[in-house]
Amino acid sequence: MPSRLSDAFRAHPVHLHHNHLDFETVQEVPDSHAWPALVDYPSENLHDAESVPIIDLMDPNAAKLVGNACETWGVFQVTNHGIPMRLLEDLESEGRRLFFLPAKQKLKAARSPDGISGYGIARISSFFPKLMWSEGFTIVGSPVEHARQLWPQDYIKFCDVMEEYEKAMKKLANRLMWIMLGSLGITGEDLKWASPKGDIKSACAALQLNSYPACPDPNRAMGLAAHTDSTLLTVLYQNSTSGLQVLREGAGWVTVPPTPGALVVNVGDLLHILSNGRYVSVLHRAVVHRTRHRLSIAYLYGPPTNIQISPLSKLIDPKHPPLYRSVTWSEYLGTKAKHFNKALSSVRLCGPKNGFIHLNDHSRMKLGC
Ligand SMILES: O=C(O)CCC(=O)C(=O)O
Ligand SMILES: [Fe+2]
């Protein structure tokens, strides 16, 4: 069983038709990238109560608010998270420097067919007949090799910024995970592989840089199709152009507005499993803009890839039987590579009952394709 994240991905390759569109020069959306109009879950006029919560981590009530947000939305934004503004600005400018390189240069750092790191189209593209209006760069482990292909003389700043950000993210993601678990009454005793004191050696993670070029016809293009993350949790930095939308039952697609200095946190499939369905693994997507380029950087945080993840025993009782069987992250990535948005239901033991809501039964949902 692979124990490194890069090996876990290598064990489950997804087949991508490589058709690199040069977004710089294209004047209209070609058929290869034309999606049916995005009208699947039209957003109604939302009330204030229906916007994604913004939580100040210094608020004495933060843990309660986080727990609430995870149960109702599966996503929230955090402020006062301790990541310096200077680091976020460097992150954005290095991301822009990468994606604004000529297409030919970026392709020098292309992801290999069985690899995870490097430049390329979204991994989930293989599940859709149309291509997405985005490009990505994935970092697992050291970015040096690929960065050197992009900037043979000038790769150090990029690597330093990415490495500093990953280090800061690992601490923040661990802290957030314990706030999320803490509001369910879970302590270090209940989860031996993870320590609330921040034993960050045990976690696995990837950094995913996403670029969404301005698009001549945004209603017919899809930046990143609807999906849930296979992680425990994801921390997302987005620049000042909106595009991230989350699906809220009864309300449709809700935009997560860019908020200066804030980071978006969403529950992933593995935390949904650990919480025995209490926390929603939120379905989300990215739409594109007619005139503005959008950049987002997702820190995808998970457990060691060979640890069994199952509903925590403290959350199980006769009224709340375990909803999922146990899986390792590595095995789950394989399930996801095969079943995509039906992966969670494929490891489910019993149908939603006993008051558990249906928010994670995405197999019922039309995904806009
Ligand atoms: O760009 C975004 O806002 C979403 C990115 C995302 O969902 C991902 O990288 O998994
Ligand atoms: Fe995502």
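Residues numbered from 1 in each chain as written. Chains lettered and ligands numbered in written order. Predicted model: local features only at pLDDT ≥ 70, side-chain atom pairs only at ≥ 80, totals over all residues. Heavy atoms only, no water.

### What to know about the pattern of salt bridges
1) Next: Applying the stated criterion to the full structure yields 11 salt bridges.
2) Next: Between Asp 31 and Lys 130 there is a salt bridge whose closest N-O contact spans 3.3 Å. Residue Asp 31 is located in the loop between helix H1 (5-10) and strand S1 (54-56), and its partner Lys 130 is located in the loop between strand S3 (118-120) and strand S4 (135-139); the two are separated by 99 residues in the primary sequence.
3) Next: A relative accessible area of 59% means that Asp 31 is categorised as exposed.
4) Next: Of the charged contacts in the structure, one is a salt bridge between Glu 71 and Arg 278, with a shortest N-O distance of 3.5 Å. Of the two residues, Glu 71 is situated in helix H2 (residues 62-72) and Arg 278 in the loop between helix H7 (269-274) and strand S11 (284-286); the sequence distance between them amounts to 207 residues.
5) Next: The class for Glu 71 is partly exposed, based on a relative accessible area of 31%.
6) Next: Judged by relative accessible area, Arg 278 falls into the partly exposed class, the value being 31%.
7) Next: Among the ionic contacts, a cluster of salt bridges with common partners joins Arg 86, Asp 90 and Glu 164. (Salt bridge = Lys/Arg side-chain N within 4 Å of Asp/Glu carboxyl O. Helix = DSSP H or I, 4+ residues; strand = E, 2+ residues; numbered from the N terminus. Buried < 20%, exposed > 50% of the residue type's maximum accessible area, 1.4 Å probe, protein only.)

### Some remarks on the coordination of the iron ion (ligand 2)
1) Next: Donor atoms from the polypeptide that bind the iron ion (ligand 2) are His 227 (NE2), Asp 229 (OD) and His 284 (NE2), placed at 2.2 Å.
2) Next: If you list the donors of the iron ion (ligand 2) from N- to C-terminus, the spacing comes out as H-x1-D-x54-H. Taken as a pair, Asp 229 in the loop between strand S6 (224-227) and strand S7 (233-238) and His 284 in strand S11 lie far apart in primary sequence, 55 residues in all.
3) Next: Overall, Asp 229 belongs to the buried group, its relative accessible area being 9%. (Donors = N, O, S within 2.8 Å, 3.2 Å for Na, K, Ca; no water.)

### Brief notes about the packing of aromatic side chains
1) Next: Summed over all chains, the structure comprises seven aromatic pairs.
2) Next: Aromatic side chains Phe 128 and Phe 340 sit 5.6 Å apart centroid to centroid with 85° between the ring planes, which places their arrangement in the edge-to-face category. Residue Phe 128 is found in the loop between S3 and S4, and its partner Phe 340 is found in the loop between helix H8 (329-339) and helix H9 (343-346); the two are separated by 212 residues along the sequence. You'll find Phe 128 and Phe 340 in the same group, each marked buried.
3) Next: Through pairs of rings, three or more aromatic residues link up here, namely Trp 35, Phe 127, Phe 128 and Phe 340.
4) Next: Over the ring of Trp 73 we find Arg 248, and its NZ or CZ is 4.2 Å from the ring centre. (Phe/Tyr/Trp six-rings, centres within 6.5 Å; stacked < 30°, edge-to-face > 60°. Lys NZ or Arg CZ within 6 Å of the ring centre and 35° of its normal.)

### A few points about the side chain of Lys 336
1) Next: Tracing the backbone through its elements, the reader meets Lys 336 in helix H8.
2) Next: Only 2.7 Å separates the side chain of Lys 336 from the side chain of Asp 269, close enough to count as a polar contact.
3) Next: Other than its neighbours up to four places away in sequence, Lys 336 contacts Phe 127, Thr 228, Asp 229, Ser 230, Asp 269 and Ala 343. (Polar contact = N/O pair within 3.5 Å; in protein donor to acceptor, adjacent residues only side chain to side chain. Contact = heavy atoms within 4.5 Å.)

### What about the sheet that holds strand S9 (residues 252-255)?
1) Next: Reading across the sheet, the four strands line up as S6-S11-S8-S9 and stay open at both edges, with antiparallel pairing between neighbours. The sheet is open, and its two borders are formed by S6 and S9, each paired with just one other strand. Each adjacent strand pair in this sheet contributes to an overall mean axis angle of 25°, direction not counted.
2) Next: As paired elements, strand S8 (residues 244-248) and S9 share four bridges and run antiparallel to each other. Paired with Arg 248 across the bridge in S9 is Gly 252. (Pairing = 2+ DSSP bridges. Axes fitted to C-alpha atoms, helices over the stretch in contact; angles between N-to-C directions.)

### Re the nonpolar core
For soluble globular proteins, the rule of thumb is that nonpolar side chains tend to be buried together.
1) Next: Ranked by internal contacts, the top residues of the largest apolar core, which has 81 residues, are Phe 137, Phe 158, Tyr 165, Met 180, Leu 209 and Leu 263.
2) Next: Element by element, the count of residues in this core is highest for helix H6 (residues 156-182), at 14 residues.
3) Next: Ignoring sequence-local partners within four residues, the contact set of Tyr 165 consists of Ile 83, Leu 87, Leu 88, Leu 91, Leu 207, Tyr 237, Leu 263 and Ile 297.
4) Next: Within the second largest apolar cluster, 18 residues are counted, among which are Ala 34, Trp 35, Cys 215 and Ala 286. (Core = buried A, V, L, I, M, F, W, Y, C linked by side-chain atoms within 4.5 Å.)

### What about the sheet that holds strand S12 (residues 294-302)?
1) Next: A sheet is described by the order of its strands in space; here eight strands give the open sequence S1-S2-S10-S7-S12-S5-S4-S3, paired in mixed fashion. Each of the sheet's edge strands pairs with one partner strand only, and the pair in question is S1 and S3. Between one strand and the next, the sheet's axes are offset by a mean angle of 25°, whatever the strand orientation.
2) Next: Both strand S2 (residues 75-79) and strand S10 (residues 263-267) contribute to a ladder of four bridges, which runs antiparallel. From the neighbouring strand, Val 78 faces S10, where its bridge partner is Leu 263.
3) Next: Here H6 sits on the sheet and contacts S2, S4, strand S5 (204-212), S7, S10 and S12; the angle it forms with S12, its principal contact strand, is near 55°.

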